[in-house]
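Single-letter residue listing:
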Amino acid sequence: MKKIFKILIIVFGGLLMHSCYYDDLVERPLPEIPDDQEILYATDIQVGIWDKKCTGCHNASNSLDLREGVSYNNLVPEYVIANNADTSPLFLQLLTGHGNTDGNEKAFIKGWINQGAKNN
Ligand code: HEC
């Protein structure tokens, strides 16, 4: 009886510690955007993210101008590799914490790139 108790403690204790370890060290996966949801650059990305979090710095006085009308051509293709967010300098830069985007915003940017980085 005692032995079973010890085994249970080891098993559940191990699971508990493992989950804490996971929470602390591994970045949570980005939320999934449904495959059939088309992400729109003009509204979802420009208005939804750049205008809120980036254009305070990235405007006429910064070499990477992210204001409406010019942002797309300043980003694509230099900082964005269409269909490949994981190797796009823009996305890698945001993963370092630059621009302070939240998980949902990162998921939208990743989805937009992986849907072909269209100027839609
Ligand atoms: C607090 C000011 C600030 C904010 C906010 C900010 N950036 Fe930046 N960002 C900079 C500076 C400064 C640089 C480096 C200098 C440069 O490229 O002109 C930079 C560099 C970059 C680069 C790399 C440019 C290069 O030349 O290598 C990218 C891409 C970028 N930012 C995207 C963004 C995006 C997207 C956002 C919003 C989510 C954002 N930044 C928010 C200040 C900011």
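Reference entry: report on the structure contained in this document. Bear in mind the structure is a predicted one, so any value in this text is a computation, not a measurement.

Rules used in this analysis
- Residues numbered from 1 in each chain as written.
- Predicted model: local features only at pLDDT ≥ 70, side-chain atom pairs only at ≥ 80, totals over all residues.
- Heavy atoms only, no water.
- Near = heavy atom within 4 Å.
- Polar contact = N/O pair within 3.5 Å; in protein donor to acceptor, adjacent residues only side chain to side chain.
- Helix = DSSP H or I, 4+ residues; strand = E, 2+ residues; numbered from the N terminus.
- Expected span 1.5 Å × (residues − 1).
- Buried < 20%, exposed > 50% of the residue type's maximum accessible area, 1.4 Å probe, protein only.
- Contact = heavy atoms within 4.5 Å.
- Bend = angle between axes of the 7 residues up to and from the residue.
- Phe/Tyr/Trp six-rings, centres within 6.5 Å; stacked < 30°, edge-to-face > 60°.

Considerations on the site of the ligand
Step number 1: Taken together, the neighbourhood of the ligand is formed by 16 residues, with Cys54, Cys57, His58, Tyr79 and His98 sitting nearest.
Step number 2: A distance of 2.7 Å is found between a nitrogen atom of the ligand and a side-chain nitrogen or oxygen belonging to His58.
Step number 3: For the ligand, an oxygen atom lies 3.0 Å from a polar atom in the side chain of Asn62.
Step number 4: Counting residues per element, the ones that place at least two in the shell around the ligand are α2 (41-53) and α4 (89-95).
Step number 5: Considering every element that reaches the shell around the ligand, the biggest residue donor is α4, with 3 residues.

Concerning helix α5 (residues 103-114)
Step number 1: Taking 1.5 Å of rise per residue, 12 residues should cover 16 Å, and α5 covers 16 Å from first to last C-alpha, within 8% of that figure.
Step number 2: Listing the buried residues of α5 in full gives Glu105, Lys106, Ala107, Phe108, Ile109, Gly111, Trp112 and Ile113.
Step number 3: Contacts made by the buried residues of α5 are with α2, α3 (71-75) and α4.
Step number 4: N-cap assignment for α5: the residue whose side-chain oxygen lies 3.1 Å from the backbone N of Asn104 is Asp102.
Step number 5: Looking one or two residues beyond α5, the residue adopting positive phi is Gly116, at roughly 110 degrees.

Regarding α2
Residues spaced three or four apart along an α-helix point in a common direction, a consequence of the helix completing one turn every 3.6 residues.
Step number 1: If you check α2, its first and last C-alpha atoms are just 15 Å apart, much less than what 13 residues at 1.5 Å a residue would give, namely 18 Å.
Step number 2: The sharpest bend along α2 reaches about 30 degrees and sits at Val47.
Step number 3: All buried positions along α2 are accounted for by Tyr41, Ile45, Gln46, Ile49 and Trp50.
Step number 4: Lining the buried residues of α2 we find α3, α4 and α5.

What to know about unusual backbone geometry
Step number 1: Put simply, Val76 and Pro77 share a cis peptide bond, and its omega is 5 degrees.
Step number 2: You can see Pro77 is positioned in the loop between α3 and α4.

Some details on the packing of aromatic side chains
Step number 1: Counted under the stated rule, the structure contains 3 aromatic pairs.
Step number 2: Seen in terms of ring centroids, Tyr41 and Trp112 are 4.9 Å apart; in terms of plane orientation they differ by 35 degrees. Their pairing is tilted. One end of the pair, Tyr41, is in helix α2; the other, Trp112, is in helix α5, with 71 residues separating them in the sequence. Considered together, Tyr41 and Trp112 belong to a single accessibility category, that of buried residues.
Step number 3: Considering the side-chain rings of Tyr72 and Trp112, the 6.4 Å spacing of their centres and the 75 degrees angle between planes classify their relative orientation as edge-to-face. Placement of Tyr72 in helix α3 and of Trp112 in helix α5 is noted, with a sequence separation of 40 residues between them. For the pair Tyr72 and Trp112, a shared accessibility class is recorded, and that class is buried.
Step number 4: Counting every residue linked through ring pairs, the aromatic cluster contains Tyr41, Tyr72 and Trp112.

Things to note about the side chain of Ser88
Step number 1: Structurally, the position occupied by Ser88 is in the loop between α3 and α4.
Step number 2: A relative accessible area of 0% places Ser88 in the buried class.
Step number 3: When residues no more than four places from it in sequence are discounted, the contact partners of Ser88 are Tyr79, Val80, Ile81 and Ile113.

Such coordinate-based values are descriptive only and should not be taken to indicate function.
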